Amino acid sequence: MIADARFGSSDGRVRRLRFVRRASIALDAACAVANGIRELLRELFGADCELLIGEPAALDAHAWSQLAQDALLFLSRGRRTDVVLVLPRRDARRLVLRAFGEPDASAPLPEAACSALELHALERIAARCAAACDPLGAEACERTRAVAAADLPRCSAYFDVRVRAPVGLTLGIGIVRDLPDPAPARMLAPDALDSVAVEARAVFAEGTLDAAGFVKISPGAIVKLDTKVGAPASLNLGDMRLAVGVAGVVASRTAFLVRDLASGAVPT
């Protein structure tokens with residue numbers, strides 16, 4: 001199990017270090033989801049949205065039960081994992097009142113259950129939020145629907161999106177099944193290799209010599225080469241030919257003049 005270091009709340013001037021299970025939600029994927037939700041809320045509210053994102057965390061059964069205890073839950077089943085949107089009931093009423101254009105959406109709200117119309121509106125909003133969860137590898141394959149906590153397994157990882165303006169609310173995003181580690185990238189950006197030194201080898205003549213002839217070589221011996229005089233030289237990296245050109249001297253230093261790139265070589 002891979003663990004992350006976390007610091008707890010301060011005890012005097014000391015914050016205790018502890019190790020916790022690493023969440024399978026990558027932070028960059030969580031940020032992409034938050035950006036998608038921000039665009040949705042901007043369209044819904046008709047105003048710019050200010051929000052913060054909580055760091056993804058792994059959940060145990062107790063933590064999940066606390067999160068789901070007083071919240072509306074919306075399930076979106078996906079191919080790689082299922083996504084659960086967690087909306088505290090008080091925030092749910094604040095969200096739906098703002099969506100309906102009520103002027104007092106930021107005022108203290110009474111403890112009251114959402115009406116059938118409000119629940120339907122919230123389910124539609126949740127469905128659009130679930131569409132923003134594709135960066136988690138959770139492309140929805142069923143309609144997003146409201147569910148009871150008892151009908152769900154616990155979420156294994158979770159992060160929240162905390163909206164500060166134009167209305168304050170928190171929307172949690174949990175995944176039921178851990179996501180696999182992302183595969184390594186197929187290629188690096190060229191800038192990542194700027195500091196890497198490579199050794200290129202210029203070859204201007206080649207020949208073949210058997211073992212018996214090799215052991216007889218001594219100072220002054222003449223070795224016959226197979227390359228013709230004036231033939232193009234090659235610039236090699238290991239066993240791969242990079243370019244063809246001419247070997248020579250420039251300003252008293254050995255040099256290689258590139259005439260053409262070899263097939264498969266990438267120009268820089």
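Look up a bit, the structure's there.
As a convention, each chain's residues are numbered from 1 in the sequence order in which they are written. Confidence filtering applies because this is a predicted model: local features only for residues at pLDDT of at least 70, side-chain atom pairs given and counted only at 80 or more, and all residues used for totals across whole chains, interfaces and linings. Only hydrogens and water are set aside when side-chain values are computed; all heavy atoms of the structure are taken into account.

**Q** Break down the overall build of the chain for me, with residues and values.
**A** Secondary structure is summarised from DSSP: a helix means a run of H or I of at least four residues, a strand means a run of E of at least two, and numbering begins at the N terminus for each. Summing up its helical and strand segments, the chain has 5 helices and 13 strands in all. Going through the 268 residues of the chain one by one, you find that 32% of them count as buried. To sort residues, take the accessible area from a 1.4 Å probe on protein chains only and compare it with the maximum for the residue type: under 20% means buried, over 50% means exposed, and anything in between is partly exposed.

**Q** Tell me about the sheet that holds strand β11 (residues 233–237), residues and numbers included.
**A** Two orientations exist for strands paired in a sheet by backbone hydrogen bonds: parallel and antiparallel. Spatially, β10-β11-β12-β13 is the arrangement adopted by the 4 strands of the open sheet, whose pairing is antiparallel. The sheet is open, and its two borders are formed by β10 (201–203) and β13 (253–261), each paired with just one other strand. Between one strand axis and the next, the sheet turns by 40° as a mean value, whatever way the strands run. Of the strand pairs in this sheet, strand β12 (residues 240–250) and β13 are connected by 8 bridges, and their pairing is antiparallel. Across the sheet, A247 pairs through a bridge with F256, a residue of β13. When DSSP finds two or more bridges between a pair of strands, those strands are recorded as paired. Lines fitted to the C-alpha atoms define the axes, with helices restricted to the stretch that makes contact. Angles between their N-to-C directions range from 0 to 180 degrees.

**Q** Which residues make up the packing of aromatic side chains, and what are the values?
**A** By convention, a stacked pair of Phe, Tyr or Trp rings (six-membered ring in the case of Trp) has centres within 6.5 Å and planes under 30 degrees apart, an edge-to-face pair has planes over 60 apart, and any other such pair is tilted. Tallying each qualifying case throughout the model produces 0 aromatic pairs. Note that R98 overlies the ring of F45, its terminal NZ or CZ placed 5.8 Å from the centroid. We call a charge positioned above a ring when the Lys NZ or Arg CZ atom is no farther than 6 Å from the ring centre and deviates by at most 35 degrees from the ring normal.

**Q** So what's going on with empty space enclosed by the protein? Residues and values would help.
**A** A pocket here means an open set of points on a 1 Å grid, computed over the protein atoms alone, that has protein on both sides within 12 Å along at least five of seven lines. A cavity is instead a set of points where a 1.4 Å probe fits but cannot get out; residues with an atom within 4 Å of a point line either one. Grid points are joined across faces, edges and corners, and a volume is the space filled by probe spheres set on the points. Enumeration over the complete set of coordinates arrives at 1 cavity of 30 Å³ or more. The computed volume of the largest cavity comes to approximately 90 Å³. At the level of elements, α1 (27–45), β6 (83–88), α4 (116–131) and β9 (169–175) are the ones that each hand at least two residues to the lining of the largest cavity. In terms of residues, the lining of the largest cavity owes the most to one element, α4, which gives 4 residues. Residue classes follow a fixed rule: Ala, Val, Leu, Ile, Met, Phe, Trp, Tyr, Cys and Pro count as nonpolar, while Asp, Glu, Lys and Arg count as charged, and any other residue, Gly among them, counts as polar. For the lining of the largest cavity, the residue count by class is 12 nonpolar, no polar and no charged.

**Q** Let's hear about the nonpolar core: which residues, and what values?
**A** Here, nonpolar core means buried Ala, Val, Leu, Ile, Met, Phe, Trp, Tyr and Cys residues that are tied together by side-chain atoms lying within 4.5 Å of each other. Judged by nonpolar contacts, the single largest core of 40 residues is most densely connected at I37, L85, L95, L122, L136, F159 and I173. Looking at this core, the elements that each hand over two or more residues are α1, β5 (71–76), β6, α3 (89–99), α4, β8 (157–165) and β9. No other element matches the 8 residues that α1 contributes to this core. A contact between two residues is defined here by any heavy atoms of the two lying within 4.5 Å. Not counting chain neighbours up to four residues away, the residues in contact with L95 comprise L41, L44, F45, L87, L122, I125 and L169.

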